[in-house]
Number of protein chains: 2
Amino acid sequence: MIHTTLMKTLGIRHPVILAPMGGVSGGRLAAAVSNAGGLGLVGGGYGDPAWLDTELAIAAKAATQPWGVGLITWTANQQRVEQCLRYGPAAFMLSFGDPRPYARAIKAAGCALICQVQDLAGALLARDAGADIVVAQGTEAGGHGGLRSTFPLVPAVVDAVAPIPVAAAGGIADGRGLAAALMLGAQAALIGTRFYACSEALGSDEAKRRIAAGHGDETVRTRVFDIVRGYDWPAPYTGRALRNDFLQRWHEHEPELQTQAAALRDPFLSAAALGDCDTAMVWAGEAIDLIHDIPSAASLLASIVAQAESQIRQAHAALAL
Amino acid sequence: MIHTTLMKTLGIRHPVILAPMGGVSGGRLAAAVSNAGGLGLVGGGYGDPAWLDTELAIAAKAATQPWGVGLITWTANQQRVEQCLRYGPAAFMLSFGDPRPYARAIKAAGCALICQVQDLAGALLARDAGADIVVAQGTEAGGHGGLRSTFPLVPAVVDAVAPIPVAAAGGIADGRGLAAALMLGAQAALIGTRFYACSEALGSDEAKRRIAAGHGDETVRTRVFDIVRGYDWPAPYTGRALRNDFLQRWHEHEPELQTQAAALRDPFLSAAALGDCDTAMVWAGEAIDLIHDIPSAASLLASIVAQAESQIRQAHAALAL
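Residues numbered from 1 in each chain as written. Chains lettered and ligands numbered in written order. Predicted model: local features only at pLDDT ≥ 70, side-chain atom pairs only at ≥ 80, totals over all residues. Heavy atoms only, no water.

### Some remarks on the nonpolar core
- The biggest cluster of nonpolar side chains holds 206 residues, and the ones touching the most others in it are Leu10, Phe92 and Phe195 of chain A together with Leu10, Phe92 and Phe195 of chain B.
- Residue contacts for Leu10 of chain B: discarding those within four places in its chain leaves Ile17, Leu39, Pro66, Ala91, Ala112, Ile114 and Ile133 of chain B. (Core = buried A, V, L, I, M, F, W, Y, C linked by side-chain atoms within 4.5 Å. Buried < 20%, exposed > 50% of the residue type's maximum accessible area, 1.4 Å probe, protein only. Contact = heavy atoms within 4.5 Å.)

Following this line, the structure appears as structure tokens:
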């Protein structure tokens, strides 16, 4: 069994955190990850209050172990933070923006404050905000992210925010990745795309099928899906998605898309609601090369942890040869 | 002591390969890395024959252990490959382009063929070329590289080319990175920027000083320095460099730079020859956050290996708690 300080802080049995993927990490998936010994985080996305009420209630009811919630910081507000806190999460993650306006309310509620950062400057801001845990997220992550890569970012953040525990995010989809994250000085892995292709995840079956079949060479960071949906993400954040027809048409034609976005929005959202993955985005990280099935969250988590332990044992045994 | 099949293939005592950095990895640095138990590779860059003769002769004379050479594949030709082979390298690395035209001559000379790749498609090409070792290089690397990141690329390449041994490159500057690379399934780390800031490296003292002082947030992938020098690198390759005055002026103004490149070339090359790092590029990977000194190659290599072993031992000890 792997043991880290971060696990004690969160009261979890395995060093695995579910990324709070908007529209994907619902209450059922979050509770499944928590009940299997990790930390499940409901993905609050852009903060739709009705969706949050539904999914937070599911998580609160189904989880027998600590669970949490995550919001996109630049779209959050005090009202939304308080709505989430009413459901009694043990952990609250903020990502993409300055966490300081919400830190006091979160910590006053007894929640562990998890701040996800994409560069060293963000890590220092998280430390100043009083983060209990810092997540260093590399650009290889699916969905929104920044410019730095996981491999060099994690140890740099570990050194910069010590003794605050750090989790690694971006590019981790199996036990090899979890073991590597621990070697870099992280105390847990935050995993997104791999849990998207899980039976408990929200999102269409076709999206899950494409993740299980796709390759990392086919993912790209883009603003296309934010532009068409009318989300004004601040620089440097973009979303990593699998190439599909819509992306092929508009990627690197963003100025033209911007002029037509208003007219394209309703058809796009209708296609997305129908699960049309040729049009709607399938957020996916580069690590999809390692994803070949759509298991339950509990069996996935168990296999990731077992493989990580096996990698560590094998490396140690080889040292003694 | 770490043991891997790759080390047996190359006849080396430590799982560390010096990146063949053009103009930086000269014969003295390559021999120092090899004599310390790693594999030193002379960086052939754009294949200047006189420079190669000088540096290959130094390596051949100074190295008491296996050493090698690396060329940029798309600038190579049979004559240059044969020139290198005459100095008796034990290993020959090709990167950035199709290695197949040179594979036969290299392997016929008894050299281990090392192919560095930047994506999964390149890995399959390397396998078809008969590579003895495949290097999976992430975009966080200093100097030229591709789009994929080290963390998810390495295990994907390991799976794709098995049983060919894989080395990890990009973002590795200390023992944490070496240990993480091993967990991902790599059998060695190929390290560039960290060895640039070594006493035996060619390159100006000011460049080494900037690497030791710089931060990963300050590096960027760019075509600016290729355009001004007149090197027509094929897509998707760009060079990662530290931000400086020249880069600030021209990055994201590439079309304008293209029109002025002919006039700017001589002043640029003169500044570079004088070690003016406000103008000339300082290639640097994202891992420079982890670099704070300019040691000898031998002491650096020893400390990287010792830290990697320590990380593995600590993780194993924590399992048993």
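### A short note on the interface of chain B and chain A
- On the chain A side, the residues contacting the 46 residues of chain B number 46 residues.
- Between chain B and chain A, roughly 3,700 Å² of surface is buried when both sides are summed, and carbon and sulfur atoms account for 61% of that area.
- For the chain B face of the interface with chain A, the top three residues by lost area are Phe151, Met183 and Leu319 of chain B, together amounting to 23%.
- Scanning the region where chain B abuts chain A turns up eight salt bridges.
- Asp289 of chain A is the salt-bridge partner of Arg148 of chain B, the closest N and O atoms lying 3.1 Å from each other.
- Contributing elements (two or more residues each) for the side of chain B that touches chain A: helix 6 (120-129), helix 7 (150-161), helix 8 (175-183) and helix 14 (297-319) of chain B.
- Residue contributions to the side of chain B that touches chain A peak at eight residues, all from helix 14 of chain B.
- By residue class, the composition of the side of chain B that touches chain A is 24 nonpolar, 12 polar and 10 charged. (Buried area = accessible area lost by both parts, 1.4 Å probe. Salt bridge = Lys/Arg side-chain N within 4 Å of Asp/Glu carboxyl O. Helix = DSSP H or I, 4+ residues; strand = E, 2+ residues; numbered from the N terminus. Nonpolar A, V, L, I, M, F, W, Y, C, P; charged D, E, K, R; others polar.)

### Things to note about the environment of Trp233 of chain A
Residues and elements named next belong to chain A.
- Examined against the element boundaries, Trp233 turns out to sit in the loop between helix 11 (224-229) and strand 11 (238-242).
- With relative accessibility at 5%, the residue Trp233 sits in the buried group.
- Each C-alpha atom of the pair Trp233 and Arg194 lies 24 Å from the other, and the pair is 39 residues apart in sequence.
- Discounting residues that sit within four places of it in the chain, Trp233 has contacts with Tyr46, Ile72, Trp74, Phe96, His144 and Asp226.

### A look at the sheet that holds strand 10 (residues 219-222) of chain B
Residue and element names in this part refer to chain B.
- As summarised here, the arrangement of the three strands in space is 7-11-10, forming an open sheet in which the pairing is antiparallel. Edge strands, defined here as strands with exactly one partner in the open sheet, are strand 7 (143-145) and strand 10. Averaged over neighbouring strand pairs, the angle between their axes works out to 30° when direction is ignored.
- Where strand 7 and strand 11 (residues 238-242) come together, three bridges link them in antiparallel fashion. Of the residues in strand 11, the one forming a bridge with Gly143 is Arg240. (Pairing = 2+ DSSP bridges. Axes fitted to C-alpha atoms, helices over the stretch in contact; angles between N-to-C directions.)

### Focus: the packing of helix 6 of chain B against helix 7 of chain B
Residues and elements named next belong to chain B.
- Interaxial distance between helix 6 and helix 7 falls to 10 Å at its minimum, and their mutual angle equals 35°. You can see that helix 6 and helix 7 cross each other, and the crossing is right-handed. Between helix 6 and helix 7, the contacting residues are Leu120, Ala123, Leu124 and Arg127 on the first element and Leu153, Ala156, Val157, Ala160 and Val161 on the second.
- Looking at the contact of helix 6 with helix 7, its residues break down into eight nonpolar, no polar and one charged. (Left-handed = near helix turned anticlockwise from the far one by under 90°.)

### As for the sheet that holds strand 9 (residues 188-191) of chain A
Residue and element names in this part refer to chain A.
- Here eight strands make up an open sheet; going across it, the order is 1-9-8-6-5-4-3-2 and the pairing parallel. Edge strands, defined here as strands with exactly one partner in the open sheet, are strand 1 (16-18) and strand 2 (40-43). Direction aside, neighbouring strands of the sheet carry axes that sit 25° apart on average.
- Here five bridges tie strand 3 (residues 67-72) to strand 4 (residues 91-95), and the two strands are oriented parallel to one another. Across the sheet, Leu71 pairs through a bridge with Leu94, a residue of strand 4.
- Packed on one face of the sheet, helix 2 (residues 27-35) meets strand 1, strand 2 and strand 3 and runs near 170° to strand 2.

### Observations regarding the side chain of Gln116 of chain B
Residue and element names in this part refer to chain B.
- Structurally, Gln116 can be placed in strand 5 (residues 112-117).
- Polar contacts involving the side chain of Gln116 include one to the side chain of Ser95, which spans 2.8 Å.
- A polar contact is formed between the side chain of Gln116 and the side chain of Gln137, at a distance of 3.4 Å. (Polar contact = N/O pair within 3.5 Å; in protein donor to acceptor, adjacent residues only side chain to side chain.)

### Digging into the domain arrangement of chain A
Residues and elements named next belong to chain A.
- Taken domain by domain, chain A holds domain 1 (5-202 + 293-320) and domain 2 (205-273).
- A straight line from the C-alpha centre of domain 1 to that of domain 2 covers 24 Å.
- If you look at the interface, domain 1 gives 24 residues, while domain 2 gives 17 residues.
- Each partner contributes to the roughly 1,600 Å² buried at the junction of domain 1 and domain 2, and carbon and sulfur atoms together form 63% of this total.
- Taken as a group, Tyr46, Trp74 and His144 account for 34% of the area that domain 1 buries against domain 2, more than any other trio of residues on that side.
- Seen at the junction of domain 1 and domain 2, the total is zero salt bridges.
- Broken down by secondary-structure element, the contributors of at least two residues to the side of domain 1 that touches domain 2 are strand 7 (143-145) and helix 9 (193-196).
- The residue makeup of the side of domain 1 that touches domain 2, split by class, is 12 nonpolar, 10 polar and two charged. (Domains from an automatic or database assignment.)

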